Amino acid sequence: MVRTVLFIIADYAWYDKIFGFFLLMAQVFVLTHGFGYFLNLFRVVNAEQQDSSEERLKSMELTEYPPVAIIVSSYKEPLHVVEDTLISFYNLTYPNKSIYFLDDTRYDLKGWDPEEARLYREQINDLCKRIGVNLFRRRWRGAKAGMINDFLSFLDGNPPEGFEFVTFDQAQQVNPGQEEYIIVFDADQNPFPDFVETLVSRMEANPTVAFIQTPQYYSNFEFNRVARASGLQQAVFYEYICEGKSMQDAMFCCGTNVIFRREALRDVGGFDESSVTEDFATSLKFHVKGWRSAYLNRVSAFGDGPEDLGGYFKQQFRWALGTVGLFRTIIARFLRNPLELPIYKWWEYMLSGTHYFVGWVLMILVISPCLFILFNIPTYFARPELYFVFYVPYIILTFSLFIWSLGQRHYSVSEVINGVLLQAICFPVYMKASFLAVLGYRGTFKTTPKGRSLALPMYALWAQIGLASLCLVAMVWAGMRIYFERELILALSVNAFWCFYHFLILSAAVYFNHPLEESRSDGQSLYQAG
């Protein structure tokens, strides 16, 4: 409020007004999303104090076991990754299950040696036969969403043209098509033995719930900086944010470790194939149709996170592109029919849909103090006492609550900072993805690379290193101005501090670009989380 009033009434130059407007928008973004986080935090903490968490998602003892399809869609994944996942499926204790491997690999791609493609196909066939898993293929279209939709059509008795289905599961008791629930995993996710019973018991007790999402947990964190930090970044999302959204019946699907009601999928016409984040887009379809969603904060599967910055950036680009792309749909639907969803659901979807604009926000926050030190733009930075009075208390309060809340879930300060730093250095990826999404670029689905830990060439980090260098130059220049000019000492000192703060954050790109570590003594901390 103070910043808005100052922006309106102050007699600034036109260029100050421009940069001031962008900074104001960045601060509004931070305040809005901070408020959204603490609303969810309040809901969860209040529910825990009232001991009402279990009442939100009732379960029932299973006397019968409805048929369930366990599926994994795979696009040219490493064979050892696929094998570990399929073996873990056979450790599931649920008695009435069918296991399907959906091979979405494009064997006709140009540039892939035909002999290598033939060999990979044979190895997949042999793997499914050896383990005893049903194998489904079809003519490629629509990436993961298209594959699952074609598989659902196959279950409904309307298989796509050119499909291939081979039954290798000799012990299967359920004919394809009888399944009431579909459980979806990514190719690197390995469920715990009781995964299915835990979710089916809740789906049976809540017939209006379309899906139940469970967390993603990365187990390859012990000696890898990127995997550890990306897992901690996920943890921030899967703790209070997801629980709060679930309490508002506004939880969205995250694409893996999730159970769907097949009836609900039929009702909305399957997965949304118009987005590379088909899970998020399909969640909106469920809620518009009146179906509920839920989140169970119980680690029920483990998998691998990205192991280098290249893989992490690709993952985040896809998520940002699809999420911001869906934001355009959210805005359009809201303007056409604001009563289509309750206002609190629109609020949650708009928060989620705008999250990846954070890249632009970070860049504005980094550049602003540099501009003041180097060019006296914006000139209102010459009054830092206003920020001490109105803005610093907010920063201290929000950061303290953020650290405290995650500390309640057994995350240390260093772990939380690690996750925040990794997300911060991803700002150019978020900027590019959100810009393309606003323009309507859809992109193509690409899986996150696995089983590698490579350092990017330094030129690939030009944005992070360039801004860090700018902050360093601004700090030196601030010192020279203080020494020679003897004016605006407080203003220059405060802005130099922010430059130093941002310099440390951006320098983390070099730290994460060498992800492998030889040893780690505190590797048990993540196992205690959640």
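Here the structure is a predicted model, which means the values were calculated and not measured.

## Some words on helix α3 (residues 79-90)
Right, on to step 1. Across its 12 residues, α3 extends 17 Å between first and last C-alpha, which sits within 8% of the 16 Å expected from 1.5 Å per residue.
Right, on to step 2. Turning to α3, its buried residues are Val81, Val82, Thr85, Leu86, Ser88 and Phe89. Buried positions in α3, seen along its axis, are confined to an arc of 155° and lie on one side of it.
Right, on to step 3. Turning to α3, the residues buried within the fold contact β1 (68-74), β2 (97-103), α4 (114-131), β5 (181-185) and β6 (190-191).

## With respect to helix α11 (residues 343-354)
Right, on to step 1. End to end, α11 covers 16 Å across 12 residues, agreeing with the expected 16 Å (1.5 Å per residue, within 8%).
Right, on to step 2. Taken as a whole, α11 has its buried residues at Lys345, Trp346, Glu348, Tyr349, Leu351, Ser352, Gly353 and Thr354.
Right, on to step 3. In this fold, the buried residues of α11 make contact with α2 (14-49), α7 (225-247), α9 (278-288), α10 (309-336) and α12 (358-375).

## Section: the packing of α9 against α11
Right, on to step 1. One way to put it is that α9 packs onto α11 with a least axis distance of 12 Å and a crossing angle of 170°. Classified by the interaxial angle, the pair formed by α9 and α11 is roughly antiparallel. Mapping the contact onto sequence places Phe280, Ser283, Leu284 and His287 in α9 and Lys345, Tyr349, Ser352 and Gly353 in α11.
Right, on to step 2. Per-class residue counts for the contact of α9 with α11 are 3 nonpolar, 4 polar and 1 charged.

## Structural notes on the pattern of salt bridges
Right, on to step 1. Counted by the stated rule, this structure contains 25 salt bridges.
Right, on to step 2. A salt bridge links Arg139 to Glu161, with the nearest nitrogen and oxygen atoms 3.7 Å apart. Here the residue Arg139 occupies a position in the loop between β3 (134-137) and α5 (143-155), and Glu161 occupies one in the loop between α5 and β4 (164-166), the gap between them amounting to 22 residues.
Right, on to step 3. Given the relative accessible area of 55%, Arg139 is considered exposed.
Right, on to step 4. Overall, Glu161 belongs to the exposed group, its relative accessible area being 62%.

## A short note on the environment of Ser507
Right, on to step 1. Along the chain, Ser507 turns up in helix α18 (residues 489-512).
Right, on to step 2. In the structure, Ser507 is positioned 42 residues away from Ile465 in sequence and 7.0 Å away in space, judged by C-alpha atoms.

## Some words on the pairing of strand β8 (residues 258-261)
Regular strands place side chains that alternate from one sheet face to the opposite one.
Right, on to step 1. Covered by surrounding structure in β8 are Val258 and Phe260 together with Ile259 and Arg261, the residues of both alternating faces.
Right, on to step 2. Here β5 runs beside β8; their pairing, made up of 4 bridges, is antiparallel. Directly across from Ile183, in β8, lies its bridge partner Ile259.
Right, on to step 3. Alignment of strand β7 (residues 209-213) against β8, held across 3 bridges, turns out to be antiparallel.

## Concerning unusual backbone geometry
Right, on to step 1. A positive phi is found at Ala143, a non-glycine position, where the angle reads about 50°.
Right, on to step 2. Inspection of the secondary structure assignment puts Ala143 in helix α5.
Right, on to step 3. Positive phi values are uncommon outside glycine, yet His410 reaches one of about 75°.
Right, on to step 4. By secondary structure assignment, the location of His410 is in the loop between α14 (392-407) and α15 (413-424).

## Focus on a nonpolar patch on the surface
Right, on to step 1. Together, Trp14, Tyr15, Ile18, Phe19, Phe21, Phe22, Met25 and Val28 give the surface a local cluster of nonpolar side chains, amounting to about 780 Å² of exposed area.
Right, on to step 2. Looking at the element boundaries, Trp14 is found in helix α2.
Right, on to step 3. On the basis of relative accessibility, which here comes to 65%, the residue Trp14 falls in the exposed class.

## What to know about the packing of aromatic side chains
Right, on to step 1. The final tally for this structure, using the stated rule, is 36 aromatic pairs.
Right, on to step 2. Measuring from ring centre to ring centre gives 5.8 Å for Phe211 and Phe286, while their planes differ by 45°; the resulting arrangement is tilted. Of this pair, Phe211 sits in strand β7 while Phe286 is found in helix α9, placing the two residues 75 residues apart along the sequence.
Right, on to step 3. Residue Phe211 is classed as buried on the basis of its relative accessible area of 0%.
Right, on to step 4. The interplanar angle of 50° and the centroid separation of 6.2 Å between the aromatic rings of Tyr312 and Phe313 together place this pair among those described as tilted. Taken as a pair, Tyr312 and Phe313 share a single burial class, namely buried.
Right, on to step 5. Site record: aromatic cluster; members linked through ring pairs are Tyr100, Phe136, Phe151, Phe154, Phe163 and Phe165.
Right, on to step 6. Residue placement shows Lys76 over the ring face of Trp112; its charged tip is 4.0 Å from the ring centre.
Right, on to step 7. Cation over ring: Arg106 sits above Trp140, and NZ or CZ is 4.4 Å from the ring centre.

## Considerations on the nonpolar core
Right, on to step 1. Ile70, Leu86, Phe101, Val196 and Ile212 are the most contacted members of the largest nonpolar core, which totals 38 residues.
Right, on to step 2. Per element, the largest residue contribution to this core is 6 residues, and it comes from α4.
Right, on to step 3. In contact with Phe101, other than residues within four places in its own chain, are Val72, Ser74, Val82, Leu86, Ile124, Cys128, Val133, Asn134, Leu135 and Phe136.
Right, on to step 4. Ranked by size, the runner-up nonpolar core spans 25 residues in total, among them Tyr100, Ala210, Ala264 and Phe286.

## Digging into the state of the cysteines
Right, on to step 1. Within the structure shown, the criterion is met by 0 disulfides.
Right, on to step 2. Among the cysteines around Cys471, which has no disulfide bond, Cys370 carries the closest sulfur, lying 4.0 Å off.

Conventions adopted
- Residues numbered from 1 in each chain as written.
- Predicted model: local features only at pLDDT ≥ 70, side-chain atom pairs only at ≥ 80, totals over all residues.
- Heavy atoms only, no water.
- Helix = DSSP H or I, 4+ residues; strand = E, 2+ residues; numbered from the N terminus.
- Expected span 1.5 Å × (residues − 1).
- Buried < 20%, exposed > 50% of the residue type's maximum accessible area, 1.4 Å probe, protein only.
- Arc of directions from axis to C-beta.
- Contact = heavy atoms within 4.5 Å.
- Axes fitted to C-alpha atoms, helices over the stretch in contact; angles between N-to-C directions.
- Parallel < 35°, antiparallel > 145°, perpendicular 65-115°, else oblique.
- Nonpolar A, V, L, I, M, F, W, Y, C, P; charged D, E, K, R; others polar.
- Salt bridge = Lys/Arg side-chain N within 4 Å of Asp/Glu carboxyl O.
- Pairing = 2+ DSSP bridges.
- Patch = residues over 30% accessible without salt bridge, like charges linked within 9 Å, V, L, I, M, F, W, Y side chains within 5 Å.
- Areas by Shrake-Rupley, 256 points an atom, 1.4 Å probe, with all protein chains shown as cover.
- Phe/Tyr/Trp six-rings, centres within 6.5 Å; stacked < 30°, edge-to-face > 60°.
- Lys NZ or Arg CZ within 6 Å of the ring centre and 35° of its normal.
- Core = buried A, V, L, I, M, F, W, Y, C linked by side-chain atoms within 4.5 Å.
- Disulfide = S-S within 2.5 Å.

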